[in-house]
Amino acid sequence: MSDSRPISPAPIKPRCILLDIEGTIAPVSFVHEVLFPFARARLSSHLAAHWDEPAVREVRTQIERDANASTLAQSAMVDHLLGLMDRDAKATGLKALQGLIWEGGYRDGSLRSPLFPDVPPALRRWHAAGINLRIYSSGSIAAQKLFLSHTEHGDLTPLLSGYYDTTTGPKREAESYRRIATAIARDPNISAIGRQTEIPAGSILFISDIVEELNAAAIAGLQTRLALRPGNAPVAPHAHTAIPTFDSLFSA
């Protein structure tokens, strides 16, 4: 089967819901108008202040690996990262550094994550119903946890069982979703959910605002829903069921 056409598995009530963040559970505007400028404004000073700390050394190594460079001086690294930000690149090292910068803002109260109002009650409802909840976002896992532990609705991380980022693979490639489905199926905690000991790909639902991501997930055998949220970009023709809110989605 070619990976160029999405497959639509038979719809069943999902045992796991995999969620995108930007444009799905949170407004796109917060990421682009608050988080990205926050990281950009503090990029140079953060590197200067923490250059030799273990967390930043690890991120520097990843940034150099992403750039296929042996070493980057501090000024060259700043210029390189600003260029990646200008292109909205999904580079793993950049995302990890942004996460470290955002961590400071969340911890000192400068940042609080807004969510669409239907999201917190839906997460609590699904969690209470025994549905396993996970995140797959281009932001680093550390940044995802920060985002969801410092929301305007409080800490929602107790509702979530797993997180995936670009270290798993690009979000527009089917193999990334196959890896996630395999990881979920092998999670020993899944055995406590329902009678089955594994969650097959067809009982995982992925919700995103990006059609290409949904296409890749469908090819991997996952169920899909397209999030239609205020501020999202128009979408091309697609074969996915679209939802404007989570209010009536698997309420029982």
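Cut-offs and rules
For every chain, the first residue of the written sequence is number 1, and numbering continues from 1 along that sequence. Reporting of local features is limited, given that this is a predicted model, to residues whose pLDDT is at least 70; pairs of side-chain atoms are given and counted only at 80 or more, and all residues count toward the totals for whole chains, interfaces and linings. The basis for every side-chain value is the complete set of non-hydrogen atoms in the structure, without hydrogens or water. Here a cavity denotes grid points, spaced 1 Å and computed from the protein atoms alone, that fit a 1.4 Å probe unable to get out, and a pocket denotes an open set having protein on both sides within 12 Å along at least 5 of 7 lines; residues with an atom within 4 Å of a point are the lining. Grid points are joined across faces, edges and corners, and a volume is the space filled by probe spheres set on the points. For helices the rule is a DSSP run of H or I covering at least 4 residues; for strands it is a run of E covering at least 2, with both sets numbered from the N terminus onward. Throughout this entry, Asp, Glu, Lys and Arg are counted as charged residues, while Ala, Val, Leu, Ile, Met, Phe, Trp, Tyr, Cys and Pro are counted as nonpolar. The remaining residues, Gly among them, count as polar. A side-chain nitrogen of Lys or Arg and a carboxyl oxygen of Asp or Glu constitute a salt bridge if their distance falls within 4 Å. Think of it in three bands: residues with accessible area under 20% of the maximum for their type are buried, residues over 50% are exposed, and the middle band is partly exposed, with areas taken using a 1.4 Å probe on protein chains only. Aromatic rings from Phe, Tyr and Trp, taking only the six-membered ring of Trp, are treated as a pair when their centres fall within 6.5 Å; an angle between ring planes under 30 degrees marks them as stacked, one over 60 as edge-to-face, and anything in between as tilted. Geometrically, a charge over a ring is one whose NZ (Lys) or CZ (Arg) sits within 6 Å of the ring centre while staying within 35 degrees of the ring normal. Side-chain atoms within 4.5 Å are what join buried Ala, Val, Leu, Ile, Met, Phe, Trp, Tyr and Cys residues into a set we call a nonpolar core. Contacts are assigned to residue pairs that have any heavy atoms within 4.5 Å of one another. Helices are assigned an expected span. That span is 1.5 Å times one less than the residue count.

A. Structural detail: the layout of surface pockets. Volume-wise, the largest pocket comes out at about 700 Å³. What lines the largest pocket is a set of 36 residues, and nearest its centre among them are E22, K90, S138, I210 and E213. Counting residues per element, the ones that place at least two in the lining of the largest pocket are helix 1 (28–50), helix 4 (92–107), helix 6 (141–149) and helix 8 (211–219). In terms of residues, the lining of the largest pocket owes the most to one element, helix 1, which gives five residues. By residue class, the composition of the lining of the largest pocket is 16 nonpolar, 10 polar and 10 charged.

B. Inspection of the pattern of salt bridges at higher detail. For the coordinates displayed, the defined rule picks out 10 salt bridges. Salt-bridge contacts for R229 lead to D118; the nearest nitrogen and oxygen are separated by 2.8 Å. Placement of R229 in the loop between strand 5 (223–227) and strand 6 (242–243) and of D118 in the loop between helix 4 and helix 5 (119–128) is noted, with a sequence separation of 111 residues between them. The exposure class of R229 is buried, given its relative accessible area of 7%. D118 gets classed as buried once you look at its relative accessible area, which sits at 7%. A salt bridge links E175 to R178, with the shortest nitrogen-to-oxygen separation between them at 3.4 Å.

C. Molecular detail of the packing of aromatic side chains. For the structure on display, the rule yields six aromatic pairs. Note on F36 and W102: the rings are 6.3 Å apart at their centroids and 20 degrees apart in plane angle, and the pair reads as stacked. Placement of the pair is F36 in helix 1 and W102 in helix 4, with a sequence separation of 66 residues. By way of ring pairs, the aromatic residues Y136, Y177 and F206 are connected into one cluster. The side chain of R229 reaches across the aromatic face of F246, ending 4.8 Å from its centre.

D. Layout of the nonpolar core. In this structure, W126 and I207 are the most contacted members of the largest nonpolar core, which totals 54 residues. In contact with I207, not counting residues within four places along its chain, are I17, L18, L19, D20, T24, W126, L214, R225, A227, I243, F246 and L249.

E. Structural view of helix 3 (residues 74–86). Its 13 residues give helix 3 an end-to-end C-alpha distance of 18 Å, which sits within 8% of 18 Å, the value for a rise of 1.5 Å per residue. Residues M77, V78, L81, G83, L84 and M85 constitute the buried set of helix 3. Those residues of helix 3 that are buried lie in contact with helix 1, helix 2 (54–66) and helix 4. Immediately beyond the C-terminal end of helix 3, within one or two residues, lies D88, with a positive phi of roughly 55 degrees.

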